[in-house]
Amino acid sequence: MESLRLVLSIFSALFIGWNILYIISLKNTRLSFLEKLFVSYGLGFGFISLEMFIFHFFSLKFSLFSIMVWWIPLIAAVLLVASKRRKSHRPGGKGAVTKKTPLSVLERFLICGISFEVIYAFFRALIKPIEAYDAIATYAIRSKIFYLAGSLPHDFFYNLSLLFPHPDYPLNIPLSETFVYLFLGGLNDQLAKVIFPIYFVAILGILYYAVKRLSGRAGALLFTFILATIPQFNHFATNAYHDVPFAYYCFTGTLFLLYWFKEPGSRGYLYISAVMTALAGWTKNEGFVYCVANIILLSVFLFLNRRTIKKRGLLNGFLYVGIMLLVLAPWLWVKFTANLVNSDVGSTSLEQLNIFKQSYKIWPIFYEFQRQIFGPKKWNLIWIIFILSAIVYRKKLFDESRRYATISLILIVSGYIFAYLIGRDDIWHMVGTTWSRMAMHFLPLAVYWLALLFGKFEPDI
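If you're wondering where the values come from, they're calculated on a predicted model, not measured in any experiment. (Residues numbered from 1 in each chain as written. Predicted model: local features only at pLDDT ≥ 70, side-chain atom pairs only at ≥ 80, totals over all residues. Heavy atoms only, no water.)

1. A word on the pattern of salt bridges
Turning to step 1, where the next piece is worked out: Following the criterion strictly, the structure yields 10 salt bridges and no others.
Turning to step 2, where the next piece is worked out: Its salt-bridge partner being Glu368, residue Arg371 comes within 3.0 Å of it at the nearest N-O pair. Linking Arg371 with Glu368, this pair stays in helix α17 (residues 362-373), spanning 3 residues, or about one helical turn.
Turning to step 3, where the next piece is worked out: With relative accessibility at 4%, the residue Glu368 sits in the buried group.
Turning to step 4, where the next piece is worked out: We note a salt bridge from Asp399 to Arg402, for which the minimum N-O separation is 3.1 Å.
Turning to step 5, where the next piece is worked out: On the basis of relative accessibility, which here comes to 29%, the residue Asp399 falls in the partly exposed class. (Salt bridge = Lys/Arg side-chain N within 4 Å of Asp/Glu carboxyl O. Helix = DSSP H or I, 4+ residues; strand = E, 2+ residues; numbered from the N terminus. Buried < 20%, exposed > 50% of the residue type's maximum accessible area, 1.4 Å probe, protein only.)

Shown next as structure tokens:
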């Protein structure tokens, strides 16, 4: 029965996410069925946790009924719109039948490798409960408090949260775990951990379809295999840390913005990007780096294409920022009214913002960077390939088809370096304990960037 309830919790999040996707995409995107499922998963849990957080403002208690009932109007609206579209749709002639080519030996090998990594990730996640230090002390303890209290306690942000590490951390994943506990009818860390490897699968799926549009099936399988087999990445899909879910939101938010750059008429991509980027900020504090990076990236695109997009571009820019602020507004309100200060950065002073005074931190930062780059035990050869590719194909980095992905990676890494520079903790400790996780956040985007760089990959094996 617990397994059935777990499946129902995942299905409920998927179903709600599917309806949200239907509304925000305006049926104006070219996504396959599986792509929609992968996007719906993150949307569902992101908005359910946001809804549970909003309950705090109205002193509402958590229950499956109180959470699910508010989604009935959305589902009804989607059914109504879908039925009207079906009636107005005039079926045309039969579409062209695409002939499926048989799988090559290489493709079969890659599918087996990806499948093994996925199955092994689920196995490692489910053989033991949440036991990693930060996963318990920073995240899981909050989800248990919310479940046992049946709500977010009134004094949680002003008193109780201060007893645990990082009181300013967003609550997307803790509340998602609480949602699963509600379905299970009790605290079960082992089963609740299933949400993390599913985020891992969703990233692989979204990357596969993104690369498939560039390089066909073989190239898509190759780059998906590369990401799936990186030890650091697939390990964090099993230990209940937030870095893989966070990487999911960061990657999806940036990828759909790149999709919109290619098809500015498909506004649904822009809306999905805005929502996913905002949910990154609702998952980890580092998400605000991605919010700023994507706003700057969008501004660069609008400036470079100002003659063709004209006034529509400015409107789209305002819409993008407005959607992000709307999604993040409840959390930002609590964060500032409760004066939740980041324990690593603290209250930023003018002295901390003086980059010249903080320049002594550059050496420890880059020392740790190179230590990770040349660390095949965690990363295989991905970062070495990344740097060598950037050097060899340096003339291609800012081609029209690659420039925005390149700029995005530069902005993200620069944002992290800036955060390290203004941090108040000992820089050697700070960068030594966090960079190996920070690099995972933009790892899927880096793999996609490599796919953009190499282009077609269709071997006859």
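Moving on from the model shown.
2. Focus: the side chain of Ser176
Turning to step 1, where the next piece is worked out: Within the secondary structure, Ser176 sits in helix α7 (residues 172-184).
Turning to step 2, where the next piece is worked out: The contact partners of Ser176, leaving out residues within four places of it in the chain, are Phe45, Ser49 and Ile195. (Contact = heavy atoms within 4.5 Å.)

3. A short note on the packing of aromatic side chains
Turning to step 1, where the next piece is worked out: Using the criterion set out here, one finds 50 aromatic pairs in the structure.
Turning to step 2, where the next piece is worked out: Through a chain of ring-to-ring contacts, three or more aromatic side chains come together here, namely Phe246, Tyr290, Phe366, Phe369, Trp379, Trp383, Phe386, Tyr416, Tyr420, Trp435, Phe442 and Trp449.
Turning to step 3, where the next piece is worked out: Seen from the ring of Phe303, Arg306 lies directly overhead, with NZ or CZ sitting 4.2 Å from the centre. (Phe/Tyr/Trp six-rings, centres within 6.5 Å; stacked < 30°, edge-to-face > 60°. Lys NZ or Arg CZ within 6 Å of the ring centre and 35° of its normal.)

4. Comments concerning the environment of Arg267
Turning to step 1, where the next piece is worked out: Relative to the helices and strands, Arg267 is located in helix α12 (residues 267-281).
Turning to step 2, where the next piece is worked out: In sequence terms Arg267 and Leu257 are 10 residues apart; their C-alpha atoms lie 9.9 Å from each other.
Turning to step 3, where the next piece is worked out: When neighbours within four sequence positions are excluded, Arg267 is seen to be in contact with Asn28, Trp260, Leu315, Asn316 and Leu319.

5. A closer look at α12
Turning to step 1, where the next piece is worked out: When the terminal C-alpha atoms of α12 are compared, their 22 Å separation across 15 residues agrees well with the 21 Å that a helix rising 1.5 Å per residue should span.
Turning to step 2, where the next piece is worked out: For α12, the tally of buried residues reaches 14 of 15 residues, placing the bulk of the element in the interior. (Expected span 1.5 Å × (residues − 1).)

6. A closer look at a nonpolar patch on the surface
Turning to step 1, where the next piece is worked out: Taken together, the side chains of Ile54, Phe57, Phe58, Leu60, Trp70 and Trp333 make up a nonpolar region of the molecular surface, amounting to roughly 680 Å² of accessible area.
Turning to step 2, where the next piece is worked out: Along the polypeptide, Trp333 turns up in helix α15 (residues 311-337).
Turning to step 3, where the next piece is worked out: Given the relative accessible area of 56%, Trp333 is considered exposed. (Patch = residues over 30% accessible without salt bridge, like charges linked within 9 Å, V, L, I, M, F, W, Y side chains within 5 Å. Areas by Shrake-Rupley, 256 points an atom, 1.4 Å probe, with all protein chains shown as cover.)

7. Let's talk about the packing of α7 against helix α9 (residues 195-228)
For any two helices packed against each other, one specifies the inter-axial angle together with the distance between the axes.
Turning to step 1, where the next piece is worked out: The N-to-C vectors of α7 and α9 enclose an angle of 115 degrees; their axes lie 11 Å apart at closest approach. Residues Ile173, Ser176, Glu177 and Val180 of α7 touch α9, and the partners they reach there are Ile195, Phe196 and Tyr199.
Turning to step 2, where the next piece is worked out: Residues belonging to the contact of α7 with α9 are distributed by class as follows: 5 nonpolar, 1 polar and 1 charged. (Axes fitted to C-alpha atoms, helices over the stretch in contact; angles between N-to-C directions. Nonpolar A, V, L, I, M, F, W, Y, C, P; charged D, E, K, R; others polar.)

8. Examining the nonpolar core
Turning to step 1, where the next piece is worked out: Formed by 153 residues in total, the largest nonpolar core has its most connected members in Leu43, Phe157, Phe233, Trp383 and Tyr448.
Turning to step 2, where the next piece is worked out: Looking at this core element by element, the count peaks at 21 residues for α9.
Turning to step 3, where the next piece is worked out: With sequence-adjacent residues up to four places away left out, Tyr448 is seen in contact with Leu207, Ala210, Val211, Leu214, Phe251, Leu255, Leu258, Tyr259 and Lys262. (Core = buried A, V, L, I, M, F, W, Y, C linked by side-chain atoms within 4.5 Å.)

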